[in-house]
Amino acid sequence: MSHPRIAVIGLGYVGLPLAVAVARYFPTVGFDIDPGRIAELRRGEDRTGEVPAADLRQSALELSAEAEAMRGAEVFIVTVPTPVTADNQPDLGPLMAACRTVGAVLGKGAVVVFESTVYPGVTEDICGPALEQVSSLTAGRDFFLGYSPERINPGDREHGVEHIVKVVAGQTPAVTDRLAQVYGTVTRGGVHRAASIRVAEAAKAIENAQRDINIAFINEVSMICRGLGISVHDVLDTAGTKWNFLPFKPGLVGGHCIGVDPFYLAECARAVGHHPEIILAGRRINDGMGQFVADAIHQALDGRPSDILVLGLTFKENVPDLRNTKVVDVVARLSGLGHRVSVHDACADPAAALAAYGLALTPDLVDGRADCLLGAVAHRAYADLPADRLAALVRPGGLIADLKGMWRGLVLPDGLRRWQL
Ligand SMILES: NC(=O)c1ccc[n+]([C@@H]2O[C@H](COP(=O)([O-])OP(=O)(O)OC[C@H]3O[C@@H](n4cnc5c(N)ncnc54)[C@H](O)[C@@H]3O)[C@@H](O)[C@H]2O)c1
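These lines cover the structure that appears in this document, whether it is placed above or below.

Conventions used here
Residues numbered from 1 in each chain as written. Predicted model: local features only at pLDDT ≥ 70, side-chain atom pairs only at ≥ 80, totals over all residues. Heavy atoms only, no water. Helix = DSSP H or I, 4+ residues; strand = E, 2+ residues; numbered from the N terminus. Contact = heavy atoms within 4.5 Å. Patch = residues over 30% accessible without salt bridge, like charges linked within 9 Å, V, L, I, M, F, W, Y side chains within 5 Å. Areas by Shrake-Rupley, 256 points an atom, 1.4 Å probe, with all protein chains shown as cover. Salt bridge = Lys/Arg side-chain N within 4 Å of Asp/Glu carboxyl O. Near = heavy atom within 4 Å. Polar contact = N/O pair within 3.5 Å; in protein donor to acceptor, adjacent residues only side chain to side chain. Nonpolar A, V, L, I, M, F, W, Y, C, P; charged D, E, K, R; others polar. Domains from an automatic or database assignment. Core = buried A, V, L, I, M, F, W, Y, C linked by side-chain atoms within 4.5 Å. Buried < 20%, exposed > 50% of the residue type's maximum accessible area, 1.4 Å probe, protein only. Axes fitted to C-alpha atoms, helices over the stretch in contact; angles between N-to-C directions. Parallel < 35°, antiparallel > 145°, perpendicular 65-115°, else oblique. Left-handed = near helix turned anticlockwise from the far one by under 90°.

Here the focus is the side chain of His233. Inspection of the secondary structure puts His233 in helix 8 (residues 232-239). When sequence neighbours within four positions are dropped, the list of residues in contact with His233 reads Pro250, Lys404, Gly405, Arg408, Gln420 and Leu421.

Structure below.
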């Protein structure tokens, strides 16, 4: 298997850049269950903004919404979503569907690698049996399992699939070696062989839980600072002069990873009889942040029903990704408190915002219509706004609310009020 045929299943934020990178070195087919996604990719359009049109058009990647196109592949890489249910339980539905699809075209000797974020045990105890059932093959004998966590960050060009350390783990040492060879060809960041599939699964889950908990701590500090009447940013600037102080920032924690993966870790903690206190406390604090921010702004507006213009809806800056954005919590709470809230986003697709949240985005930034301007996402287009432009967007005496601290360095014209965490 020196030059294996590879299939990538699920061509989203993770799967598409990976498939394009893999296709530079190996014959590769990219499969997605959504024919609309395949059609747009064939036209050279990636709505996630992760792969430039030129790279997509030049790529040797074969694209298909037909599972049969994957038959004969020697390595299957699964990158489908792993969300949570409404009550924050892991939803393995898409993963199980992908196992049924792969199982139906799986051949002897193939390796099935999961990149979707899961909790320890999912690959071997849940996906393996699901693949066996459909394929009538036996894991560890006829085909082999592997896990290689994905670490990319939407919108982060510095840490793309070809530059980061890739963790690999196979069901046997020989499978780990095969995966190290495949991934080692694709990335210049090096390969780390994890001790086992469970170790690799656990490592991914704790990487994201660690970020969640650290941000939760700083969010809690921001609540204390509010009570003290001091700026959490000033406190962080000061504490950050110590050599080992960790540079986390307060804010909303949304998206498909940091706000979701700790629930996967919590689930496996419970399965081994441990109540996960810190993990769930972090989740509670971060999930409550939208309400905290909205209540603080409401108070800064003296509780008067106001016109509020929110800049930014996506879950993070400079990406169109609206999944699990917590800006909607701020908008809902402010609306519930009687304010008239409109939302502008420089990166999001208005149709996607309407479909996901019933929010009609304001197409233009019109001067002098708002009592309060709330900078919720630090898209470049907002972070670069000069003080006179911010001032023009609000009525005289208006409030500039800076959730991200992106306008801290600006001197605002006299008469404007300012709120920040
Ligand atoms: N987005 C990130 O930055 C990131 C980073 C690290 C890890 N992850 C993990 O990677 C996995 C994928 O995340 P994503 O952000 O790429 O998701 P995504 O929603 O962007 O993409 C998933 C793709 O899979 C397709 N799909 C769904 N079910 C399928 C099925 N049964 N068969 C084939 N295709 C199917 C969807 O149509 C979609 O195109 C998740 O487990 C996530 O936690 C994501």
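From this point, the discussion proceeds with the structure in view.
A contiguous nonpolar surface patch, about 300 Å² in accessible area, is contributed by Ile224, Leu228 and Ile230. Of note, Leu228 is situated in helix 7 (residues 197-228).

Around the ligand, 26 residues are found, and the nearest of them are Val14, Asp32, Thr82, Thr117 and Pro154. One of the side-chain N or O atoms of Thr82 is found 2.5 Å from an oxygen atom in the ligand. One of the backbone nitrogen or oxygen atoms of Ile152 is found 3.3 Å away from an oxygen atom of the ligand. Taking 830 Å² as the accessible area of the ligand by itself, protein coverage stands at 90%. Looking at which element gives the most residues to the shell around the ligand, the answer is helix 4 (residues 93-105), with three residues. Tallied by class, residues from the shell around the ligand come to 14 nonpolar, seven polar and five charged. Both domains that furnish three or more residues to the shell around the ligand are identified here as domain 1 (6-194) and domain 2 (219-420).

Membership of the largest hydrophobic core comes to 47 residues, with the highest contact counts inside it found for Ile9, Phe76, Val78, Leu95, Val112 and Phe114. It is helix 4 that provides the largest number of residues to this core, a total of six residues. When residues of this core are assigned to domains, at least three map to each of domain 1 (6-194) and domain 2 (219-420). For Phe114, the contacting residues outside a window of four places in its chain are Val78, Leu95, Cys99, Thr123, Cys127, Leu131, Leu145, Gly146, Tyr147 and Ser148. Counting residues in each nonpolar core, the second largest holds 40 residues, with Cys225, Leu252, Ile258 and Phe292 among its members.

Viewed as axis vectors pointing N to C, helix 9 (residues 261-271) and helix 10 (residues 277-287) meet at an angle of 150°, and their least axial separation amounts to 9 Å. By the angle between their axes, helix 9 is roughly antiparallel relative to helix 10. When you trace helix 9 past helix 10, the crossing you get is left-handed. Within the contact between the two elements, helix 9 uses Pro262, Phe263, Leu265, Ala266 and Arg270 and helix 10 uses Ile279, Leu280, Arg283 and Asp287. Each residue belonging to the contact of helix 9 with helix 10 can be placed in one class, and the counts come to six nonpolar, no polar and three charged.

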